[in-house]
Amino acid sequence: MKMTLKLGAIALFTAISFASCRDAEEKEEPAEDQAQEMIDNADEVKIKEDKVKIENADGSETKIKYDENGNVEKIKTDD
């Protein structure tokens, strides 16, 4: 009986620890919203077919690549 209670308590504590750590990660905003915010705040924007090049006042460059459907595929920032 004692062994069953010990195993039950260990299983309960393990389940609680997994459940409490599950929500610890932060939610990231969607890439489309992030890309639009970067474009709105940029000093200079150059647009090609499926790419956008953003130059900021601090000298950093950001390149945004879109796929065929118009969704953001990749965001790359060069400092």
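The structure under discussion appears in the preceding block.
Owing to the predicted nature of the structure, the values given are computational and were not obtained by experimental measurement.

A few words on the pairing of strand β3 (residues 61–66). Side chains on a regular strand alternate between the two faces of the sheet. Burial of β3 is one-sided: the residues Thr-62, Ile-64 and Tyr-66 facing one way are buried, the residues Glu-61, Lys-63 and Lys-65 facing the other way are not. Where strand β2 (residues 51–55) and β3 come together, 5 bridges link them in antiparallel fashion. Bridge assignment links Lys-53 to a residue of β3, and that residue is Lys-63. In textbook terms, the turn of a hairpin is the stretch between consecutive antiparallel strands, and for β2 and β3 this stretch comprises 5 residues, one of which, Gly-59, has a positive phi near 95°. Bridge analysis of β3 against strand β4 (residues 72–78) gives 6 bridges, and the strand direction is antiparallel. By the bridge assignment for β4, Thr-62 is matched with Thr-77.

This brings us to the environment of Ile-39. Mapped onto the fold, Ile-39 is located in helix α2 (residues 31–40). Apart from residues no more than four positions distant in its own chain, Ile-39 is found in contact with Val-45, Val-52, Ile-54, Ile-64 and Tyr-66.

Moving on, we come to the sheet that holds β2. The 4 strands are arranged β1-β2-β3-β4 in an open sheet whose pairing can be described as antiparallel. Two strands bound the open sheet, and with one partner strand each, they are β1 (44–47) and β4. Taken pair by pair, the neighbouring strands of this sheet meet at an average axis angle of 15°, ignoring direction.

Rules of the game
Residues numbered from 1 in each chain as written. Predicted model: local features only at pLDDT ≥ 70, side-chain atom pairs only at ≥ 80, totals over all residues. Heavy atoms only, no water. Buried < 20%, exposed > 50% of the residue type's maximum accessible area, 1.4 Å probe, protein only. Helix = DSSP H or I, 4+ residues; strand = E, 2+ residues; numbered from the N terminus. Pairing = 2+ DSSP bridges. Contact = heavy atoms within 4.5 Å. Axes fitted to C-alpha atoms, helices over the stretch in contact; angles between N-to-C directions.

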